[in-house]
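Residue-level listing of the chains:
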Amino acid sequence: MLLSLQGATVRFGGRAVLDAVDLAVAEHEIVCVLGPSGSGKSTLLRAVAGLQPLDAGRVALDGRDQAGVPAHRRGVGLMFQDHQLFPQRDVGGNVAFGLRMRGADKKEQGVEVRELLELVGLPGAARRAVAGLSGGEQQRVALARALAPRPRLLMLDEPLGQLDRSLRERLVVELRELFGRLGTTVLAVTHDQGEAFALADRVVVMRDGRIAQSGTPLEVWQRPVDEFVARFLGFDNVVPATVAGAAAVTPWGKLPVPEDAPQGTRSLLVRPAGVRLVAAAEGLRCTVTARTFKGTHVAVHLRPEDGGPRLEAACALRAAPEVGQETGVEFDSTEIVVLG
Amino acid sequence: MGNAARLALLAGPVAFFALFFAYPVAAIVARGLKVDGVWRFGRITDVLAQSDIRHVLWFTTCQALASTALTLLIALPAAYVFARLDFPGKNVLRAVVTVPFVLPTVVVGTAFLALVGRGGLLDDLWGVRLDTTVWAILLAHVFFNYAVVVRTVGGLWSQLDPRQEEAARMLGASSLAAWRKVTLPALAPAVAAAALMVFLFTFTSFGVVQILGGPTFSTLEVEIYRQTSEIFDLSTAAVLTLVQFAAVGVILVVHAWTVRRRESALRLVDASVTARRPRGPGQWALLAGVLATIAVLLLLPLAVLVQRSLDAPGFGYYRALTSEDGGTFLVAPIAAIGNSLQYAVAATAIAVLIGALAAAALARRDAGRLVRGFDALLMLPLGVSAVTVGFGFLIALDEPPLDLRQSWILVPLAQALVGVPFVVRTMLPVLRAVDVRLREAAAVLGASPFRVWREVDLPLVRRALLIAAGFAFAVSLGEFGATVFIARPDSPTLPVAVARLLGRPGDLNYGQAMALSTILMVVCAVALLVLERLRTDRTGEF
Amino acid sequence: MHHKTLVAVAAGLGLLTLSSLTACGSSDGKASTDSKTITLVSHNSWAVSKGVLKDFEKRSGYQVRVLNDGDAGQAVNKAILTKDNPQGDVFFGVDNTLLSRALDNGLFQPYEAKGLGTVGAEYQLDKGKHRVTPIDYGDICVNYDKAYFGKHKLTPPQSLDDLVKPEYKNLLVTENASTSSPGLGFLLGSAAHYGDNGWQDYWKKLKANGVKVVDGWEQAYSDEFSGSAGGRKAHGDRPLVVSYASSPPAEVIYAKPKPDTAPTGVSYGTCFRQIEFAGLLSNAKNTEGGKALIDFLVSKEFQEDMPLNMYVYPVVRGAKAPAEFTKYGAAAKDPETMAPDKIAANRDQWVKSWTSLVLK
């Protein structure tokens, strides 16, 4: 393992911001830590970088314990959320910084800077002032700067957080290609699930300083491990349920669940795609409270007439009922997940 | 940077202040209050019970507060103009407004009378005479301290990102409201620092009060001087020194309290990109107003000095300066220029070294209370009488290996005491404004703590450092109180030489004093211009 | 590890500073203990022609170092403070207004200078004990602007009494007695003339007659007084000023081209005499050298060089004052005087009452 954390703990004034975290990142792997703000993901990066001392546990790089190794000797790269470009230096000066620290000569620096700027799509920008760059350009310069010293591990803190949506979507693809090409090992943190899923080989969801779930984007998406992860991923149709065999008793009635579902008192997730709208006389009777156009489908918000929890359905564009209309609801067992 | 490193950085400044400030001042106070080995603290209440002493304390504080307010009022627009507007001759003018700061008060008093005194500009125009009124004192304090505000506040202002203010304006704030809500809070530490320095300077004002206020106005500083030098009542002087300490201490606490909550990480940008040519009638009017103020309040008195120095055919007074047989000194008065420059360079080097170490150690905003306390202590020398320090040196530093009483180094050391607070105060707001993550970014890229300081802090703080060095240099060039004790007759400094020449009757002596003052002005302006040049002359790294 | 480096750097810097200071200190220390060096401690007005001092050094084999220690009051006070470990061997510049303070504090050790016999007896205020040797004297007198009095067809005042007359109303400027040496001298002169109780009355009249008080001599003479070079430029409007009897010669000597006659004159009936002394400091390191230096200070060569350097008069009989002095500013014939112990006993109280009488 290139990076491994064992029981890594950081406390701020008694509160554990990082609580006994175990994490391993293999060479060439792209791992994305996903979590709401305050979940400790930035602290995780800072601890790995050596900017934040651990209160307990250990960080190892290439199997070597990093306790006592200062940040500038760890050979990892960190791209800050708001880039933190050096304002007094031009683009080239920023990119060359890490190379200079390593003692590279001027010629080597020049060559590297040119190549890196081409790589990030800013050819010939070396003499430009950083103050005059757009957000996207700054992000590219910051990336080139972090890549320049060829860190064994590149860490990205909300790498695309400040950018607009289209740019973000384009850059995610570019980054993934770039990292693949360079074989860079990446540990990124973000609060945006779309970004994480698009970028990562593996996603790690954090909650209150602990790791809630870890797995490939598909695994996490398909089988959120608990209500927190499900809700964080944007699923709102979560209700308490008592599972017995292939059925679960919920506030929405008796629902079919997969055969191998865990039994007993659980949380239960119905993905919006699994909420089917049927004639008003059938199934659970609901009133439509809102409709949100989602591009490929319409999210229909429903209020059950028996006072149960509200729920959301994904509906084809043409089939979506009007607000105020009454409708029946049935559930599709393949889109139902019994949470851990 | 850990605590150990911070303490190591502080060791130099702490030793410096302990040895060359705390110890001598404590020694002279102890000499006054300790009789036969017993402390006589009863003296404190005795002295404070005197109504004229209380009056002096009251007047000292009031005039200092009023002077500070007036200086801020008049100089803040200029700080803006110098930071944000581009106009021809800006750099020269910035150096020129600093000139008053170095001039001996005796000379300035004379020149200032030409503005507010008999036959002065105000008298000619409106028949108004302000000499021997408190207004003359206040205006002269503005004259002296104008540059303190322009340079400390303007230095930070020129590095603030103007886009933040623009952002506020886009959100619907008027330009004044945008300034008040965005720029002013960001500038607050620098404004507070400038105000503090002006207050301390005016609180310990001596020559200005004497010359322009006449003998009816007296400050604590004058009183301490009288008690020490004339009456030789060291116990009263000691009590007054303690009172001065207490007053200055209160001000420092208030200052620390107001600043602490305001200092925050700021977006700093290169100063060269923030200034623009004036646009719109408002900015042109502001520029015109500031230039007019400078012309009347600062340039006119200086011009009077120059004119008087030229009042002999064929630069007669200047030529007389090169003659050794004037009888005033063992050397030609012109030699004072070289002496002054040597002392000033040494004092600036000491002040910058000590001040930069202290500022680096104090820069972290999570610095402990002890460290913060030291921050305030560094300011104390500005609020202590030169006479007290001079006498303290004499009785404290009299044993080998520290028998420095006759050593030349004492002059730059004494001058550096006043220079260090400038260096620290000018650098700290900028250092504290540097985003800590910028340093982390450098560290992660492989920069050791020292390289981080050199590569990240230094480029950002260089402007402040040069401003501070300019101040330290100017302070040293104009310093009189401590130098006059120590300067040898064969190596007088410029202010000492001016005072000597003014102390003698006769046309040639008076004219030479004016000529030397003019030279002092020019030397100061040139030195500051050279420093300005250094600032724009980038090194080859980028 | 980096902390250690920093600690080492800081410690190194500290050591470097200390050692360089020590080096400077000790080299100077050596110089002052060197038996071939004499250190003279004086006030800022000390001056001597280079050639005259060189002559002495050549003849005696000593090197003379001079330390200026602030104005006259500061210099004496500092000498007293450092009495046990003095900065030099000889102190020059204690005058009769400060003499008692210096003597009472045991500042000096006795030495009877060679050539003391040539010094006028009226200057020898420590006769018999020889702790101090008189070196020079000066007279604090009212100076007048000749042009003003010529233009207004007015006779300049001749005496202290004249100054309170209505024709001289609003003409006189003097100095603050609590911060200025001539200001104090003028006050002492009035006290000597009108007596311990009469002087306050006199000052009430002076005040009623519009006397102006400024803090220092420089302002009074070079800003307010209409007869001086500086005052003319500054539009000074007071034709009478408290200054020295030797001021008019300076107005001639330091003018280019030299005028035929001095632009100012001296009101000889208003003078107070100041005598300056030198003495061998107690605990002096080089007593032999110090004695030689005091002998030199009362030698004819130094005494004749002194007037044009310090604007004072020689105390040695037969020492000639320069022509400008005899012509434009001779010493007063019958100045007011006061015994040093009387000055010491009354000075603070008088200054205090003077302040509340005149300034408030």
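Residues numbered from 1 in each chain as written. Chains lettered and ligands numbered in written order. Predicted model: local features only at pLDDT ≥ 70, side-chain atom pairs only at ≥ 80, totals over all residues.

(A) Structural context of the overall build of chain A. Across its full length, chain A holds eight helices and 20 strands. Among the 340 residues that make up chain A, the fraction classed as buried is 44%. When contacts within chain A are restricted to residue pairs at least 6 apart in sequence, long-range pairs at least 24 apart make up 65% of them. (Helix = DSSP H or I, 4+ residues; strand = E, 2+ residues; numbered from the N terminus. Buried ≥ 20, exposed ≤ 12 C-beta atoms within 10 Å, placed from the backbone. Contact = placed C-beta atoms within 7 Å.)

(B) Local environment of the overall build of chain C. Secondary structure summary: chain C contains 13 helices and ten strands in total. C-alpha atoms of chain C, sized along the principal axes, occupy 80 × 60 × 45 Å. In chain C, the proportion of contacts linking residues at least 24 apart, taken out of those at least 6 apart, comes to 74%.

(C) Spatial organisation of the pairing of strand β2 (residues 63-68) of chain C. Residue and element names in this part refer to chain C. Of all six residues making up β2, five are buried, and the element is well covered by its neighbours. With six bridges joining them, strand β1 (residues 37-42) and β2 adopt parallel strand pairing. Bridging from a neighbouring strand, S42 pairs with N68 of β2. One crossover worth recording links β1 to the parallel β2 by way of helix α2 (residues 50-60), and it is right-handed. (Pairing = 2+ DSSP bridges. Right-handed = clockwise from strand over helix to strand, strands pointing away.)

(D) Looking closely at the sheet that holds strand β11 (residues 238-244) of chain A. Residue and element names in this part refer to chain A. Read across the sheet, five strands follow the order β13-β12-β11-β14-β20 without closing on themselves; strand pairing throughout is antiparallel. At either margin of the open sheet sits one strand with a lone partner, and together these are β13 (253-256) and β20 (336-339). Averaged over all neighbouring strand pairs, the angle between strand axes comes to 40°, with direction disregarded. Taken together, the four bridges between strand β14 (residues 264-270) and β20 define a ladder with antiparallel strand orientation. Bridging across to β20, S267 finds its partner in L339. (Axes fitted to C-alpha atoms, helices over the stretch in contact; angles between N-to-C directions.)

(E) Looking closely at the nonpolar core. All names here are of chain B. Among the nonpolar cores identified, the biggest contains 403 residues, and A359, V423, M427, A472 and L516 are the most heavily contacted of them. If one sorts the elements of this core by residue count, helix α9 (residues 175-203) sits on top with 17 residues. Residue assignment places this core across two domains, with domain 1 (1-38 + 316-542) and domain 2 (76-308) each supplying three or more. Excluding its chain neighbours within four sequence positions, the residues that come into contact with V423 are A351, V352, G355, A356, A359, A468 and A472. (Core = buried A, V, L, I, M, F, W, Y, C linked by C-beta atoms within 7 Å. Domains from an automatic or database assignment.)

(F) Inspection of the sheet that holds strand β5 (residues 64-65) of chain A at higher detail. All names here are of chain A. The sheet built from four strands is open, its strands ordered β2-β1-β4-β5 with antiparallel pairing. Each having just a single partner strand, β2 (15-25) and β5 make up the two edges of the open sheet. Across two bridges, the pairing between strand β4 (residues 56-61) and β5 is antiparallel. Residue pairing across strands places L61 opposite R64, the latter belonging to β5. Contacting β1 (3-12), β2 and β4, helix α1 (residues 41-49) runs over the sheet at an angle of about 65° to β2.

(G) The arrangement of the environment of F232(A) in detail. Residues and elements named next belong to chain A. Its place among the elements puts F232 in helix α8 (residues 227-232). Residue classification places F232 among the buried residues on the basis of 21 C-beta atoms within 10 Å. Considered as a pair, F232 and D192 are 40 residues apart in the sequence and their alpha carbons are 9.6 Å apart. For F232, the residues in contact, after removing those within four places along its chain, are P36 and V205.

(H) Highlighting the environment of Y144(C). Residues and elements named next belong to chain C. Tracing the backbone through its elements, the reader meets Y144 in strand β5 (residues 133-145). Between the C-alpha atom of Y144 and that of V266, which follows or precedes it by 122 residues, the distance is 6.2 Å. Ignoring anything within four residues of it in the chain, the contact list for Y144 reads F149, P156, G227, P239, L240, T264, G265 and S267.

(I) Quick look at the packing of helix α11 (residues 220-230) of chain B against helix α3 (residues 72-81) of chain C. At a minimum axis separation of 8 Å, α11(B) and α3(C) run at an interaxial angle of 60°. One element, α11(B), and the other, α3(C), form an angle in the oblique class. Side by side, α11(B) and α3(C) meet where T228(B), S229(B) and E230(B) of the first sit next to G73(C), Q74(C) and N77(C) of the second. By residue class, the composition of the contact of α11(B) with α3(C) is no nonpolar, five polar and one charged. (Parallel < 35°, antiparallel > 145°, perpendicular 65-115°, else oblique. Nonpolar A, V, L, I, M, F, W, Y, C, P; charged D, E, K, R; others polar.)

(J) Region of interest: unusual backbone geometry. All names here are of chain A. The phi dihedral of A20 falls on the positive side, at around 50°, and the residue is not glycine. Overall, A20 belongs to the partly exposed group, with 15 C-beta atoms counted inside 10 Å. Its identity as a non-glycine residue notwithstanding, D208 has a phi of 50°, on the positive side. With respect to the helices, strands and loops of the structure, D208 is situated in the loop between β9 (202-207) and β10 (210-215).

(K) Looking closely at the confidence of the model for chain C. Residues and elements named next belong to chain C. Summing up the model confidence of chain C, the mean pLDDT is 87 and the portion of residues at 70 or higher is 91%. Contacts from residues 1-32, a stretch scored under 50 in pLDDT, to residues over four places away or in other chains number 44 contacts. Here the complex is predicted with pTM 0.76, and the ipTM for its interfaces comes to 0.82. (pLDDT = per-residue confidence, 0-100.)

(L) Representation of the pairing of β4(A) in the model. All names here are of chain A. Where β1 lies against β4, five bridges are found, and the strand directions are antiparallel. Following the sheet pairing, Q6 is matched in β4 by R58. With antiparallel pairing between neighbouring strands as the criterion, β4 and β5 make up a hairpin whose turn holds two residues, including D62 at a positive phi of roughly 50°.

(M) Broad picture of the environment of A113(C). All names here are of chain C. With respect to the helices and strands, A113 occurs in the loop between β4 (108-109) and β5. The class of A113 is buried, set by 25 C-beta atoms lying within 10 Å. Residues A113 and R131, 18 residues apart in the sequence, show an inter-C-alpha distance of 9.9 Å. Ignoring sequence-local partners within four residues, the contact set of A113 consists of T133, I294, D295 and V298.

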